[in-house]
Amino acid sequence: MTAAGQELHFADAGEAADLAAFLARLIHYDRAAAVRLQAGGGVLAVFGRPPSFEVLAIRTARLEAIIGTDATPAGAAGAASGPGTLDTTVSAGELEDALVTARAGRTADGPEVRDRGLVVTVPQAVTGPPWAGVLPPRGGWRRVSGLPGVDEVRGAVAAAVAEFRARDAALPEERRTRAERDRIGHGIWSRTLGDTGLPLRAVHAAQSLGFLRPVRAAAPAASAPGAGAGAGGGVATAVPGPTAEPLALLAAGGWLRLRTPYGSIAVRTSGLSGLSVTPA
């Protein structure tokens, strides 16, 4: 679908700001990062793949409408349920710029206006990287038992990062090469979290992308749409409420998905390769 010129009408400017922060983190790992956008049922799902972790990261935000060429506004003849649909791949940097520009235009507004929705123009579509065509299934997710509590999960990441740094520092100068550091990283980040089968690199990705931060007080929000392809329906709440479930581990169709109040990390359960760079 041609998306350039379409407008995303976000239901909440704070959610748009969180999405911009997520995009900034993706760009930190890959300045040329692309993201796949899928929307339906009033929620936008954004899929990215930080190369340092080799996982799929998903963030959502509520929409009031999608307006413009090839979009289907709510109430239009033949419209699907919800405020329009969208499926396109764009530059993460251009989408972040569009969000920042839209927010900058509202800085002079009062708090009662800033807390409302935000209108952002969708950037020109780009040729999608290979991963963008292989997303997790939409449905069929089942809960996997054995996931530790959020504090234990954070502790596992901290311990793994500390181990990497200690082993890296202990390397003699002649062995301090990218290949040797990759070997150490692969061994550490390919380990699984307890008995869950979830590789530690997925949890590290969640930590580095801000998905494991404490839940802020906010009103409950909608779950990710069925159109959040790959989201499996309900990838994450757009704005987590104070009673939001801290963490859940789900499985479907050869994928594992760590769901948090701020987003999801999905990994394939076969053909997994390890983290190949120094942890952030």
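Quick note: structure is the one above.
Along every chain, residues carry numbers that run from 1 in the direction the sequence is written. Local features in this predicted model are restricted to residues whose pLDDT is 70 or higher, and side-chain atom pairs enter the listing and the counts only when it is 80 or higher, whereas totals over whole chains, interfaces and linings include all residues. As a rule here, side-chain values cover all heavy atoms of the structure and leave hydrogens and water aside.

**Q** Hey, could you run me through the environment of Gly128 in this one?
**A** Locating Gly128 in the fold gives a position in the loop between strand 6 (118-121) and strand 7 (142-143). What makes Gly128 partly exposed here is its relative accessible area of 36%. Separated by 39 residues in the primary sequence, Gly128 and Thr89 have C-alpha atoms spaced 5.8 Å apart. A run of DSSP states H or I qualifies as a helix once it reaches four residues; a run of E qualifies as a strand once it reaches two. Both are numbered from the N-terminal end. The classification of residues rests on relative accessible area computed with a 1.4 Å probe and restricted to protein chains. Under 20% of the type maximum is buried, over 50% is exposed, and intermediate values are partly exposed.

**Q** What should I look at first to understand unusual backbone geometry in this one?
**A** Glycine aside, negative phi is the norm for most residues, and most peptide bonds take the trans geometry. Positive phi, normally seen in glycine, also occurs at Glu54, with a value near 55°. Within the secondary structure, Glu54 sits in the loop between strand 3 (43-48) and strand 4 (56-67).

**Q** When you look at the nonpolar core in this model, what are you seeing that I'm missing?
**A** Generally speaking, soluble globular proteins have nonpolar side chains that are buried together. Here, nonpolar core means buried Ala, Val, Leu, Ile, Met, Phe, Trp, Tyr and Cys residues that are tied together by side-chain atoms lying within 4.5 Å of each other. Residues Phe10 and Leu44 are the most contacted members of the largest nonpolar core, which totals 60 residues. Here this core takes eight residues from helix 1 (residues 13-29), the largest share from any one element. Residue contacts are defined here by distance: any two heavy atoms, one from each residue, within 4.5 Å place the two residues in contact. When residues no more than four places from it in sequence are discounted, the contact partners of Phe10 are Ala16, Leu19, Leu44, Ala61, Arg62, Leu63, Glu64, Leu99, Gly117, Leu118 and Val120. Membership of the second largest hydrophobic core comes to 12 residues, among which are Ala132, Leu135, Ala252 and Trp255.

**Q** What is the right way to read the pairing of strand 4 from this model?
**A** Put simply, side chains in a regular strand alternate between the two faces of the sheet. Counting buried residues in strand 4 gives nine out of 12 residues, a clear majority hidden from the surface. DSSP-based pairing: two strands are paired if at least 2 bridges between them are found. Sheet topology note: the strand 1 (residues 7-10)/strand 4 ladder contains four bridges and is antiparallel. Its bridge partner being in strand 4, Glu7 is matched across the sheet by Ile67. Here six bridges tie strand 3 to strand 4, and the two strands are oriented antiparallel to one another. When the sheet's bridge partners are listed, Ala45 is paired in strand 4 with Thr60. Looking at chain direction, strand 4 and strand 10 (residues 263-268) are connected through three bridges and run antiparallel. Considered in strand 10, the bridge of Ile58 is made with Ser264.

**Q** What is the right way to read the pairing of strand 6 from this model?
**A** Burial along strand 6 is one-sided: the residues Leu118 and Val120 are buried and none of Val119 and Thr121 is. Where strand 1 and strand 6 come together, four bridges link them in antiparallel fashion. Within strand 6, the position partnered with Phe10 by the bridge is Leu118.

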